[in-house]
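So you can see what is in the structure, the chains are spelled out below.
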Amino acid sequence: MLLSREEMTFDFAGARLEPERDRKLLAWVMNQFLYGEVTGIQCGHWLYQAPDLEAARFFSRQAVEEFQHVENFIRILELLGEEPAPAHRLVRFLSTGMMPATFEEHVCLEMALGEGFVLMALYGVIDTIAHEEIRAILGRAVKQEERHVEFGEQRTMQAIRGRPALRRRLLGLSLVSMWAVRRLGAFMRSRLPRHEVLSQLPAFLQFSVDCAEKRLLRMGVLTKPLADLGALEKGLAIAETYGTSVLTAPLRLLPKKRLTETYLRDPSIAGQGRGSPPLRAVR
Ligand SMILES: [Fe+2]
Ligand SMILES: [Fe+2]
């Protein structure tokens with residue numbers, strides 16, 4: 001990856017997520033991740049759109065990995081003694097409500113940036129959770145997520161090298177997604193309950209946006225730091241994005257009744273997570 005684990009590590013100053021005390025919170029978090037993994041069905045769409053064999057091979061392998069991660073999160077819910085439950089509507093909308101129109105937008109926005117944000121959230125849980133088995137399960141999953149991000153980075157750079165005009169459009173889309181994450185941080189600031197980890201979420205989100213900026217710089221999507229980018233340049237990039245990408249190739253709304261709508265009723269998920277062994281906290 002273009003950023004190291006150290007660069008992507010947020011300092012939670014020793015704050016911990018305790019499986020027993022924070023059981024409901026952890027179950028909520030794991031259910032968001034569970035949904036995210038089921039969106040692995042979209043690998044099928046990108047496999048069908050793959051521009052070359054390398055990409056086709058990658059997407060078919062990625063689909064296998066994302067469905068292994070579905071198993072991982074079901075196991076974690078079982079360890080917590082909690083059941084699979086629906087994801088928040090905002091999470092559902094952000095991950096399946098729309099799909100990029102092109103392969104280039106997918107590798108940049110969804111893989112390099114999007115899976116990059118998810119990876120940082122996974123690192124955050126790994127670094128704070130006081131449960132050895134959950135940490136080990138997540139530790140194995142992040143190795144694969146790192147490769148998904150890396151593929152996104154590599155193919156974004158390749159795309160820009162081949163078609164420099166693409167850069168500004170990818171920049172416009174990236175600016176909008178970073179703005180959304182920043183907004184989320186501002187929204188949370190006044191609404192978070194007192195909790196040693198949760199209270200640090202706004203700072204963590206800002207840190208994630210800073211990492212995304214570094215990634216965009218290293219991929220060459222950004223040619224200078226955001227602070228040096230004038231309002232006009234930002235405006236032009238966003239205008240170009242919404243003038244050409246969204247209006248002429250609209251973000252596709254997915255039809256209903258895909259697996260992402262029905263997975264909780266699936267025989268391999270329904271009723272999982274009950275009657276699990278007692279939790280063992282690790283300090
Ligand atoms: Fe995954
Ligand atoms: Fe992934």
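Now for a look at the structure at hand. (Residues numbered from 1 in each chain as written. Chains lettered and ligands numbered in written order. Predicted model: local features only at pLDDT ≥ 70, side-chain atom pairs only at ≥ 80, totals over all residues.)

### Things to note about the overall build of the protein chain
1) Next: Within the protein chain, the secondary structure is distributed over 10 helices and 0 strands.
2) Next: For the protein chain, the spread of C-alpha atoms along the three principal axes comes to 55 × 40 × 30 Å.
3) Next: Considering the protein chain as a whole, with its 283 residues, one finds that 31% of them fall into the buried category. (Helix = DSSP H or I, 4+ residues; strand = E, 2+ residues; numbered from the N terminus. Buried ≥ 20, exposed ≤ 12 C-beta atoms within 10 Å, placed from the backbone.)

### Here we look at the nonpolar core
1) Next: Counting 27 residues, the largest nonpolar core has Cys-108, Ala-112, Leu-171 and Val-221 as its most contacted members.
2) Next: For this core, the elements supplying multiple residues, two or more each, are helix H2 (42-49), helix H3 (53-80), helix H5 (103-128), helix H6 (132-162), helix H7 (166-189) and helix H8 (201-219).
3) Next: A total of 7 residues in this core trace back to one element, the largest contributor, which is H5.
4) Next: Ignoring sequence-local partners within four residues, the contact set of Ala-112 consists of Val-107, Val-149, Gly-152, Glu-153, Thr-156, Arg-215 and Met-219.
5) Next: Listed in part, the 20 residues of the second largest apolar core include Phe-33, Leu-79, Ala-141 and Val-197. (Core = buried A, V, L, I, M, F, W, Y, C linked by C-beta atoms within 7 Å. Contact = placed C-beta atoms within 7 Å.)

### Quick word on the packing of H5 against H7
1) Next: The contact between H5 and H7 brings their axes to 10 Å, and the two run at 30 degrees. In terms of orientation, H5 lies roughly parallel with respect to H7. For H5 against H7, the interelement crossing comes out right-handed. Two secondary-structure elements touch here, H5 through Glu-104, Glu-105, Cys-108, Leu-109, Leu-113 and Phe-117 and H7 through Leu-166, Leu-170, Leu-173, Ser-174, Ser-177 and Val-181.
2) Next: Class assignment for the residues of the contact of H5 with H7 results in 8 nonpolar, 2 polar and 2 charged. (Axes fitted to C-alpha atoms, helices over the stretch in contact; angles between N-to-C directions. Parallel < 35°, antiparallel > 145°, perpendicular 65-115°, else oblique. Left-handed = near helix turned anticlockwise from the far one by under 90°. Nonpolar A, V, L, I, M, F, W, Y, C, P; charged D, E, K, R; others polar.)

### Remarks on the environment of Leu-94
1) Next: With respect to the secondary-structure elements, Leu-94 resides in helix H4 (residues 89-97).
2) Next: For the pair Leu-94 and Ser-177, spaced 83 residues apart in the sequence, the C-alpha separation amounts to 9.9 Å.

### So, unusual backbone geometry
1) Next: The residue Ala-13 is not glycine, and still its phi comes out positive at about 50 degrees.
2) Next: Here Ala-13 is to be found in the segment before helix H1 (23-38).
3) Next: By C-beta crowding, Ala-13 is classed as exposed, having 8 other C-beta atoms within 10 Å.

### Let's talk about the packing of H2 against H3
Helix-helix packing is described using two parameters, namely the angle between the two axes and the distance between the axes.
1) Next: Two numbers describe how H2 lies on H3: the axes approach to 8 Å, and their chain directions differ by 170 degrees. Classed by the angle they form, the pair H2 and H3 counts as roughly antiparallel. Across from Cys-43, Gly-44, Trp-46 and Leu-47 in H2, the residues of H3 making contact are Ala-56, Phe-59, Ser-60, Gln-62, Ala-63 and Glu-66.

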